[in-house]
Amino acid sequence: CACEAEAARPSPAFKLKNWLWKLLVRAATALGRAGAPADAGDVRGDAASLSTLRSRLLSQSTVRLLPLLQRVVAHAAAAERADAAVGLGGEAAEAEEKMALFGLIQLKAILASQREPLARWGGEAAAALDVAILMVDSRPPFAYEVGGTTLRSPEEWGLPRSVLSERWRPTAAHGGGPAPNGNAGVEGKGTPEEVLQSRTEKMGTFQLALVTNHIYAQLHGYRFYLENPCPHLHIGVTEADWNDALEPSQRSEPKWAWREGMQQYTNRDPVCPGLPADHRLSPFPPRGPPWAKLAAIRYLLRRHAHLAYIDSDVFVTEVWQPLPPLLEATGLLRGERWIAAAEEFPPQKLRRDTRAGLANSGVLLLAGAPIAGAGILRAIEEWIWPVGNPTWSFKWPFEQNALTTVVFRRYPRRYTLLKPGCPLNSPFGALLRHLVGGTPHRAVYHPDHRTAWLAEALRCTIRALNRSADSHAPLERCTPNEERFELDSHGCGEGDKDSLHTTPLSPSVLGRLRAADAEACCGLCNADEACAGWTFLWKWPASALNCVLLEAFEGVTHYEGRVTRAKLPRTGGGAGAAGAAGAAQQTRTYIVPPPLFGATGPS
């Protein structure tokens, strides 16, 4: 969780406490290295115990959660100081209180037994805390079971279940074609093998995230809910939809009256019909699909002390880490705070689009009515009925704007705003990673790789579950989209204008690879002595073999959507510009995954 504080310079007392916490973490780490985790037994048998599996994962995680908590608290305090500066509430004194609270959490964890350093958050303690996890989606779930364990989907998700292993891989795209006899795509028809094939063909971003998150809930004894408040939607906003979606005080305002221009403006927007009175999640007005999650959130907040809502493209990176320490650090554990969220991730921030609001609503931690009282239910109801631009009931930013303009503004002392990724939200979230649909630049992150990355994250999770009990190696964080690949980018930033929209003449191809962007392709060429130049096809699909390494070529010619450049020779060491030109320039990039389904683009 690498985050930078964006607040004023900390006080000497704050620095002293921070130094003491670091000292404690180092001491605890030394203790963890001195004593190996106790043998928790082999959990790969047919009757594997979830409590045994959870205990072993917790014991192997040692004190890795503690530095994360330190940063969470520090940046929550920093966010509060920043909010106070712009009039959104928060007091500087609360930063000191949170640091003291963090010291208590950390000291308890350090002094706990080496066998289970985080055991107080597992088993019966987790059940007593009444934590629920919610996902909302209308797509069919994926029926699964993890081989050799009792981890499996409920029967309501369908039977038979696909058995997952470390080498499991989906074989066809979401909504793939039917089997030869045409029955595999029809629920309940065909042989069991055809039904399984149909389920495999329905694997996508949502299903892969769903399986990982459901495994996480089972490991810690949390209640898991998959809700579908919008099973049937229609395209185009009608006059009845518009009037029902208006807040009562807006219905008499002439500027919001239904007219022909409004019908043309919204005639392609998907609409979830309002929920009837006899629906379990009712009442709820007609809205765009992203709003529907508030009906499910409201329903569960009445029944559970704590709720984690996660979007369909969010997954848990470390299934062995429990939620209660994070709930305590953000003030939700005892209900002092009601909502914890993280700031918006680019591209909205980069283009200064304020409609997105302060926080992203794709990952939310909430305190429910049993612990926070009726106030949280009132806040959710006000969120459902904001007095704002009614077109946002059916268009972006949907409910996300009202989270800031209604909930945060009316209850400034009841929310905790975290930095993106620390540890919630953004494609680089430390615990709850949000593979969003946009990107500031393809070199950093590309949403087209989400399905492949989620499949790898699921296999990584299964590897953690199947580890032998006597393994002392640290558990692997399931973050396949991190920039782990180092390349020499010498000469990769020169001549961009001249090489744009060019392709080689009479090329001799050395190899074809996948690269995140042109700079990564250039770095791959630098890594091979036989490479004389390269061509990057930036209009091809992101997972295609878009980087062509050239052994030789006779020149370039114009070609839209390609970049071709000769490798820049090194001038050797020495002082001055010549020495700088010959020095290696390191760049980091992510490893582009092969496409999970289908072809890789033009041949």
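Model, not experiment: these values are computed from the prediction. (Residues numbered from 1 in each chain as written. Predicted model: local features only at pLDDT ≥ 70, side-chain atom pairs only at ≥ 80, totals over all residues. Heavy atoms only, no water.)

With respect to the secondary-structure elements, W396 resides in the loop between α13 (374–384) and α14 (399–410). Measuring from C-alpha to C-alpha, the distance between W396 and A356 comes to 8.4 Å, with 40 residues separating the pair along the chain. (Helix = DSSP H or I, 4+ residues; strand = E, 2+ residues; numbered from the N terminus.)

Let's shift gears to the sheet that holds strand β1 (residues 131–136). Pairing is mixed in the open sheet, where six strands are placed in the order β4-β1-β7-β10-β9-β11. Either end of the sheet is taken by a strand with one partner, and the two such strands are β4 (223–227) and β11 (415–418). If you compare each strand with its neighbour and ignore which way they point, the axes differ by 20 degrees on average. In this sheet, strand β7 (residues 306–310) lies alongside β1 in parallel orientation, the contact comprising four bridges. (Pairing = 2+ DSSP bridges. Axes fitted to C-alpha atoms, helices over the stretch in contact; angles between N-to-C directions.)

Attention now moves to the confidence of the model for the protein. Mean pLDDT for the protein: 78, with 68% of residues reaching 70 or above. Per-residue pLDDT stays below 50 along residues 1–11; that stretch engages in 15 contacts with residues further than four places along the chain or on separate chains. When the criterion is pLDDT under 50, residues 599–603 qualifies, and its contacts beyond four places in sequence or with other chains add up to nine contacts. (pLDDT = per-residue confidence, 0-100. Contact = heavy atoms within 4.5 Å.)

To continue, consider the pairing of strand β16 (residues 533–537). β16 sits mainly inside the fold: five of its five residues count as buried. Of the two faces of β16, the one lined by G533, T535 and L537 and the one lined by W534 and F536 are each fully buried. Here β16 pairs with strand β17 (residues 547–552) via four bridges, running antiparallel. Paired with F536 across the strands is C547, a residue of β17. (Buried < 20%, exposed > 50% of the residue type's maximum accessible area, 1.4 Å probe, protein only.)

A separate point is the packing of aromatic side chains. Enumeration over the complete set of coordinates arrives at 10 aromatic pairs. Consider the rings of W157 and F224, whose centres lie 6.3 Å apart with planes at 70 degrees: the pair is edge-to-face. One end of the pair, W157, is in the loop between β2 (144–146) and β3 (162–164); the other, F224, is in strand β4, and 67 residues separate them in sequence. Each of the two residues, W157 as well as F224, counts as buried. Between F408 and Y415, the aromatic rings sit 3.9 Å apart at their centres with planes inclined by 10 degrees, giving stacked as the arrangement. Overall, the relative accessible area of 1% leaves F408 in the buried class. Counting every residue linked through ring pairs, the aromatic cluster contains W242, W258 and F394. Just above the ring of W385 sits the side chain of R287; from NZ or CZ to the centre is 5.3 Å. Taking the ring centre of Y265 as reference, the NZ or CZ of K395 above it sits at 4.3 Å. (Phe/Tyr/Trp six-rings, centres within 6.5 Å; stacked < 30°, edge-to-face > 60°. Lys NZ or Arg CZ within 6 Å of the ring centre and 35° of its normal.)

Let's shift gears to the nonpolar core. Residues L134, I215, I297, I339 and L364 are the most contacted members of the largest nonpolar core, which totals 102 residues. With residues near it in sequence (within four places) discarded, I339 still touches L332, L364, L365, L366, I376, L403, V407, R414, Y415 and T416. (Core = buried A, V, L, I, M, F, W, Y, C linked by side-chain atoms within 4.5 Å.)

Attention shifts here to the pattern of salt bridges. Any two side chains of opposite charge can pair, so long as their charged atoms come close to each other. On inspection of all chains with the given rule, the structure shows 18 salt bridges. The partner of E381 in a salt bridge is R298, and the shortest N-O contact between them spans 3.2 Å. On the criterion of sequence distance, the pair formed by E381 in helix α13 and R298 in helix α10 (residues 293–301) is long-range, its members being 83 residues apart. Accessibility expressed as a relative area gives 31% for E381, which makes it partly exposed. Look at R298 and you get buried, because its relative accessible area is 3%. In this structure, R334 and E336 form a salt bridge, with 3.6 Å as the shortest nitrogen-oxygen distance. Residue R334 is classed as partly exposed on the basis of its relative accessible area of 45%. Counted as one network, the salt bridges with shared partners bring together E456, R459, R463 and E476. (Salt bridge = Lys/Arg side-chain N within 4 Å of Asp/Glu carboxyl O.)

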